[in-house]
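A closer look at the structure
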Amino acid sequence: MDMSGAGDRRSGAVRTWLYVVAAMVVAMVAVGGATRLTGSGLSITEWRPVTGAIPPLTEADWAAEFAKYKDTPQYNILNQGMGLSAFKVLYGWEWGHRVLGRLIGLVFFLPLIVFWWQGRISRRLGFGLLGLGVLGGLQGAIGWIMVASGLQPGMTAVAPLKLALHLTTASLILAGLVWLAAGERRGVLAPVPARLQATAMVLPILVLVQIFLGGLVAGSHAGLVFNTWPTMDGAFVPPLDSLFAIRPWIENFVDNHALVQFDHRVTAYLVLVVAILHAIDARLTGPANAAGRANGVVILVLAQMALGIATLLLAVPLWAALAHQVLAMAVLTMATVHARVSRGSGVVMPAAAEPPLGFEGLARGRI
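Residue positions are counted from 1 within each chain, in the order its sequence is given. Reporting in this predicted model follows two pLDDT cut-offs: at least 70 for local features of residues, and 80 or more for side-chain atom pairs to be given and counted; totals over whole chains, interfaces and linings ignore these cut-offs and use all residues. To get the side-chain values, take all heavy atoms of the structure and skip hydrogens and water.

Let's shift gears to the overall build of the protein. For the purposes of this entry, the term helix denotes a DSSP run of H or I that reaches at least four residues, the term strand denotes a run of E that reaches at least two, and both are numbered from the N terminus. Check the secondary structure of the protein and you find twelve helices and two strands. Across the protein, helices and strands are ordered from the amino to the carboxyl terminus as α-α-α-α-α-α-β-α-α-α-α-α-α-β. This radius of gyration counts C-alpha atoms alone. The globule rule is 2.2 Å times how many residues there are, raised to the power 0.38. Computed over C-alpha atoms, the radius of gyration of the protein comes to 23 Å, within 12% of the 21 Å expected from 2.2 N^0.38 for 367 residues, which places it in the range of a compact globule. A principal-axis box enclosing the C-alpha atoms of the protein has dimensions of 70 × 55 × 30 Å. Taken over 367 residues, the protein has a buried fraction of 47%. Any two residues whose heavy atoms approach within 4.5 Å are treated as being in contact. Look at the contacts in the protein between residues 6 or more apart in sequence, and 79% of them connect residues 24 or more apart. In short, Shrake-Rupley with a 1.4 Å probe defines the accessible areas, and a residue's cover is counted only from the protein chains shown. Per element, the accessible surface of the protein, about 17,500 Å² overall, is 71% carbon and sulfur. Charge counting treats Lys and Arg as positive and Asp and Glu as negative, with His and both chain ends excluded. For charged residues, the charge sits on one atom: NZ in Lys, CZ in Arg, CG in Asp, CD in Glu. Treating the 25 positive side-chain charges of the protein as one cloud and the 17 negative ones as another, the clouds have centres 11 Å apart. When a residue's accessible area, from a 1.4 Å probe over protein chains only, is under 20% of the maximum for its type it is buried; when over 50% it is exposed; and in between it is partly exposed.

The next point concerns the side chain of H264. Topologically, H264 is positioned in helix α10 (residues 257–285). Residue classification places H264 among the buried residues on the basis of a relative accessible area of 18%.

Glancing now at the UniProt feature "transmembrane region" (unreviewed entry) in the protein. UniProt positions are given in the numbering used here, feature names are shortened, and annotations may be inferred rather than shown by experiment. In the UniProt entry, the feature "transmembrane region" (unreviewed entry) is given for residues 12–34, 99–117, 129–151, 163–182, 202–226, 266–284 and 296–316. With 76% helix and 0% strand, the stretch residues 202–226 has end C-alpha atoms that lie 30 Å from each other. With 100% helix and 0% strand, residues 266–284 has end C-alpha atoms that lie 27 Å from one another.

Take the nonpolar core next. Here, the term nonpolar core denotes a set of buried Ala, Val, Leu, Ile, Met, Phe, Trp, Tyr and Cys residues that are joined through side-chain atoms within 4.5 Å. Membership of the largest hydrophobic core comes to 63 residues, with the highest contact counts inside it found for W17, L18, F108, L129 and L177. Counting residues per element, the ones that place at least two in this core are α1 (3–37), α4 (84–117), α5 (123–149), α6 (160–183), α7 (194–220), α10, α11 (288–313) and α12 (318–342). Those residues in contact with F108 that lie beyond four places of it in its chain are W17, V21, L129, L132, G133 and L177. Listed in part, the nine residues of the second largest apolar core include I44, F66, Y69 and M82.

A separate point is the side chain of T311. By the element assignment, T311 lies in helix α11. Here T311 falls in the buried class, since its relative accessible area comes to 7%. Among the polar contacts made by the side chain of T311, one reaches the main-chain carbonyl oxygen of L307 at a distance of 2.7 Å. Residues in contact with T311, not counting those within four places in the same chain, are V316, P317, A320, A321 and H324. By the criterion applied in these results, polar contacts are pairs of N or O atoms within 3.5 Å in which, for protein atoms, one can donate a hydrogen and the other can accept it, and in which residues neighboring in sequence qualify only through two side-chain atoms.

Quick look at the UniProt feature "binding site: heme" (unreviewed entry) in the protein now. Cross-referencing UniProt, the feature "binding site: heme" (unreviewed entry) maps to H264 and H324 in the present numbering. The annotated residues occupy 61 residues of the chain but converge on a single region, no pair of C-alpha atoms lying more than 13.2 Å apart. In contact with H264, other than residues within four places in its own chain, are Q210, L213, G214, V217 and H324. In this fold, H324 is placed in helix α12. Sequence-distant contacts of H324, that is, excluding residues within four places in its chain, are made with H264, Q304, L307, G308 and T311.

Another aspect to go through is the pattern of salt bridges. Two side chains with opposite charge may pair up if their charged atoms get near one another. Put simply, a salt bridge is a Lys or Arg side-chain nitrogen that is within 4 Å of an Asp or Glu carboxyl oxygen. Under the defined criterion, the tally for this structure stands at seven salt bridges. The partner of E46 in a salt bridge is K68, and the shortest N-O contact between them spans 3.0 Å. Of this pair, E46 sits in the loop between α1 and α2 (59–70) while K68 sits in helix α2, and the two are 22 residues apart along the sequence. K68 gets classed as partly exposed once you look at its relative accessible area, which sits at 29%. Salt-bridge contacts for E65 lead to R48; the nearest nitrogen and oxygen are separated by 3.7 Å.

So, on to the packing of aromatic side chains. We call Phe, Tyr and Trp rings a pair once their centres come within 6.5 Å, taking the six-membered ring for Trp, and we label the pair stacked below 30 degrees between planes, edge-to-face above 60, and tilted otherwise. Inspection of the entire model under this criterion finds twelve aromatic pairs. Taken together, the ring pairs in this structure connect W62, F66, Y69, Y75, F87 and Y91 into an aromatic cluster. For a Lys NZ or an Arg CZ to count as sitting over a ring, it must be within 6 Å of the ring centre and within 35 degrees of the ring normal. In this structure, K70 is placed above the aromatic ring of F66, and the distance from its NZ or CZ to the ring centre is 4.5 Å.

For the rest of this paragraph, the subject is α11. The end-to-end C-alpha distance of α11 is 38 Å, a good match for the 38 Å that 26 residues give at a rise of 1.5 Å each. Backbone geometry just downstream of α11 places A315 in the positive-phi region, at approximately 65°. For a helix, the expected span equals 1.5 Å multiplied by the residue count minus one.

A separate point is unusual backbone geometry. Where the residue is not glycine, phi is negative for most of them; where a peptide bond is considered, it is trans in most cases. Here W229 and P230 are connected by a cis peptide whose omega angle stands at 10°. Relative to the elements of secondary structure, P230 occurs in the loop between α7 and α8 (240–243). Of note, H221 is a non-glycine position whose phi angle comes to about 60°, a positive value. Mapped onto the secondary structure, H221 falls in the loop between α7 and α8. Of note, the phi angle at A315 is positive, near 65°, even though the residue is not glycine. Among the structural elements, A315 can be located in the loop between α11 and α12. A relative accessible area of 38% means that A315 is categorised as partly exposed.

Structure, rendered in structure tokens:
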């Protein structure tokens, strides 16, 4: 019996499952972005992890939910006079976002139990998956804390810092999934030189920082001001009295539109510079597959920067904002897989096996 082939199929099934969950997380981020951009996130005023999966089924149920929403500051300040049909649209976005979160939990935990029972999960992979499961549960709690912040008196949206934390936690879960999936790739791949490994690891960290800053921009609506590029109000660097106009000064990093947007711009430049320098280094000193992956990161970063500039210049239309958010997940995915595969792989792949699945397919090549 060819035990290596059987082991390879087991590894392939686990890897496919991890990528499916990762794709669902990206969909969750997209739906969450649409929920925020349509102002739907505060339409459900209670956190009911079990019974909340069932939407209102009767007109009486809808009237009760609408009455709860009418007690929120968002309704009284922004949406006075809204009809029930418009409320149903808002409710549908938020309900879909929450249900998708529950579905991700099922798709993650049920196969995990089966694969573990069948002996397909190694101890190291198992600990990593359990850690992601805990992080996923924490993400649900963070989501409700975020929503609750928008139900406070005088609030018409969620707190920017909590929105950024919610988005960043989702991004961490995505990065963890694709990191583990890339570690299950087929074929032996030698690690790249230590310097390339280190800079490859820096890239996803920088991307996560940039995603967090993007969450602050989105949460504070900082993208609706300074809609020019490359300058902000006629200057490449706004004056300090504009960047630090709020007291105490620390609050400027969250609440000052000028500083929030400036931080997001500067970090974007930093990500691009590091990605280009890393790609040049990989081309000069690394194997061809590492150079190809590094070039892929640069291409995605350039595309994301161009889309971000377009989103800003167009004053954040819905389609551009959503595309910018989803493309950020693609950049993170590519950078994470590149960092993981750069560490090397020791799983032997039979000669007739299929090509690797997912972003790490770019790693295939001569060793």
